[in-house]
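# Results of the structural survey
Take a look at the letters that make up each chain.
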Amino acid sequence: MSHRKGYRRGYPVAVLVGLEEKQAVLWAVFSNVVKPQKTINLSGARNDTKALYNFHEIVVNAIRPAMNEGVKSIILSSPLKTSYSENFLAHIKNHHTWLITGANKAVFSQIKGPAVDISQVTVLTRKPEFKKIIEQTTIQETENLIDILEKRLNQSGPEPMVLYSFEAIEDQIISTWKQGKTRPEYLLLTDSYLSTIRQKVKLQRLMQIATNRQIKTRIVKSDSPAGKRLTQLGGFVSLQKIE
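Here the structure is a predicted model, which is why all the values come from computation and not from measurement. (Residues numbered from 1 in each chain as written. Predicted model: local features only at pLDDT ≥ 70, side-chain atom pairs only at ≥ 80, totals over all residues. Heavy atoms only, no water.)

## Considering the packing of helix H2 (residues 49–68) against helix H3 (residues 84–95)
One way to put it is that H2 packs onto H3 with a least axis distance of 10 Å and a crossing angle of 80°. Taken together, H2 and H3 sit at an angle that is classed as roughly perpendicular. Residue-level contacts link Tyr53, His56, Glu57, Val59, Val60 and Ile63 of H2 to Asn87, Phe88, His91, Ile92 and His95 of H3. (Axes fitted to C-alpha atoms, helices over the stretch in contact; angles between N-to-C directions. Helix = DSSP H or I, 4+ residues; strand = E, 2+ residues; numbered from the N terminus. Parallel < 35°, antiparallel > 145°, perpendicular 65-115°, else oblique. Contact = heavy atoms within 4.5 Å.)

Have a look at this one:
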C-alpha cells in the first residue's frame with residue numbers, strides 16, 4: 001500500500017466487531033474511512049456451548065493483530081434485542097482477563113445496530129452515538145498510554161525510557177536491538193504533528209518500518225488531554241522497554 005493511499009484513509013482509530021447469530025465481521029476504523037477486515041462464521045448453533053466458545057476464541061484471535069499494532073479501542077455491535085455483544089464480553093471476562101486488565105488492556109464499548117455489510121456500517125458510523133463512543137473509547141485508551149508514558153518518564157536506569165527527538169527515535173527503530181538494552185515499544189504522536197511535519201514521507205516510512213517490527217503506533221488528537229501532554233513533549237515520543 002502506498003503512503004498516499006494510507007494517508008487518504010487516515011490513521012487507525014478502532015476495531016469494529018459486528019456480531020450476528022451465525023457470524024462476526026471485523027472492520028478497521030480509520031480516521032477517514034472504515035475498511036472490512038475479516039468475516040468469521042459460527043460452526044454450529046449458538047446454543048451449542050462448545051461451538052460458541054470456539055467461535056468467540058476465533059474472534060479474539062482475529063482482534064489480536066490490530067492490538068499488536070497498538071489499536072486497543074474495540075467497539076462491539078449487535079442488532080437490537082440481541083445479547084451477542086454481551087455474550088462475547090462475558091467470554092472475555094471469563095477466559096481473557098488480560099484483555100481488560102493491566103497497563104496494556106483494551107477498551108471495549110458497545111453499540112446496538114447490525115454491522116456485517118458496508119451499508120449497515122455506513123448507517124452505524126454516521127450515528128452521533130457512534131462518534132461519541134469512538135471519542136470516549138479512544139480517550140480512555142490514550143489515557144492508559146499516557147499513564148505508561150508518565151511511569152516511563154519517572155523510571156530511572158542507564159538508558160532513557162522515553163525518546164523525544166525524531167533522529168533518536170529513527171535510530172532506535174532501524175537499529176539492531178540487543179538483549180538487555182532498550183527498544184521501542186510504542187510510538188505516540190499527535191495528529192497535528194503528523195499533519196505539519198515537513199518530513200511527512202520520511203515519517204510515514206518510519207511508521208511503516210515500526211509496524212513491520214511490531215512496534216505499536218498510536219496517533220492521538222492534539223486537543224485531547226493525552227494529546228496536550230504529548231504536545232508538551234514535542235508531539236512525537238517513543239516509549240522504550242528492555243529487550
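## Points about helix H4 (residues 118–125)
For H4, the set of buried residues is Val121, Leu124 and Thr125. One side of H4 holds all its buried residues, which, seen down the axis, span an arc of 90°. Close packing links the buried residues of H4 with strand S1 (12–19), strand S2 (23–30), strand S3 (34–41), strand S4 (73–78), strand S5 (107–112) and helix H5 (128–153). (Buried < 20%, exposed > 50% of the residue type's maximum accessible area, 1.4 Å probe, protein only. Arc of directions from axis to C-beta.)

## Considerations on the packing of aromatic side chains
For any pair of aromatic rings, the description consists of the separation of the ring centres together with the inter-plane angle of the planes. On inspection of all chains with the given rule, the structure shows 2 aromatic pairs. Measuring from centroid to centroid gives 6.0 Å for Phe166 and Phe236, while their planes differ by 45°, and the two rings are tilted. A residue pair is termed long-range when its members are at least 10 positions apart, and Phe166 in helix H6 (residues 166–174) and Phe236 in strand S9 (residues 236–242) qualify at 70 residues. On the accessibility criterion, Phe166 (7% relative accessible area) is buried. Note on Phe236: relative accessible area 1%, which makes it buried. The residue whose ring lies beneath Arg183 is Trp177, and the NZ or CZ to ring-centre distance is 4.2 Å. Directly above the aromatic system of Trp177 lies the positively charged group of Arg213, at a separation of 3.8 Å from the ring centroid. (Phe/Tyr/Trp six-rings, centres within 6.5 Å; stacked < 30°, edge-to-face > 60°. Lys NZ or Arg CZ within 6 Å of the ring centre and 35° of its normal.)

## Let's talk about the sheet that holds S5
Taken in spatial order, the 5 strands make up an open sheet running S3-S2-S1-S4-S5, and their pairing is mixed. Two strands in the sheet have a free side with no partner beyond their single neighbour: S3 and S5. Going from strand to strand, the sheet's axes swing by 20° on average, the running direction of each strand aside. Where S2 and S3 come together, 7 bridges link them in antiparallel fashion. When the sheet's bridge partners are listed, Ala24 is paired in S3 with Ile40. Of the strands in this sheet, S1, S4 and S5 touch H3, which is tilted by about 165° from S5. (Pairing = 2+ DSSP bridges.)

## A short note on the sheet that holds strand S8 (residues 216–220)
A sheet is described by the order of its strands in space; here 4 strands give the open sequence S6-S9-S7-S8, paired in mixed fashion. Each having just a single partner strand, strand S6 (162–163) and S8 make up the two edges of the open sheet. Note: strand S7 (residues 182–190) against S9, 7 bridges, orientation antiparallel. Note that in S9 the partner of Tyr186 across the bridge is Leu239. In the packing of H6 onto the sheet, contacts are made with S6, S7 and S9, and the angle to S7 comes to roughly 135°. Together, S7, S8 and S9 form the strand contacts of helix H9 (residues 225–232), whose direction differs from that of S7 by roughly 115°.

## Concerning the side chain of Thr137
Residue placement: Thr137 occurs in helix H5. Since its relative accessible area comes to 4%, Thr137 is described here as buried. In this structure the side chain of Thr137 is engaged in a polar contact, spanning 2.7 Å, whose partner is the backbone oxygen of Ile133. Leave out the neighbours within four places in its chain, and Thr137 touches Ser73, Ile74, Val107 and Ser109. (Polar contact = N/O pair within 3.5 Å; in protein donor to acceptor, adjacent residues only side chain to side chain.)

## Re the packing of H5 against H9
Here H5 crosses H9 at 30°, and the two axes come no closer than 9 Å. Pair H5 / H9 crosses with left-handed handedness. Counting all contacts with H5, which are made through Thr142, Ile146, Leu149, Glu150 and Leu153, the residues of H9 involved are Ala226, Arg229 and Leu230. Of the residues contributing to the contact of H5 with H9, the split by class is 5 nonpolar, 1 polar and 2 charged. (Left-handed = near helix turned anticlockwise from the far one by under 90°. Nonpolar A, V, L, I, M, F, W, Y, C, P; charged D, E, K, R; others polar.)

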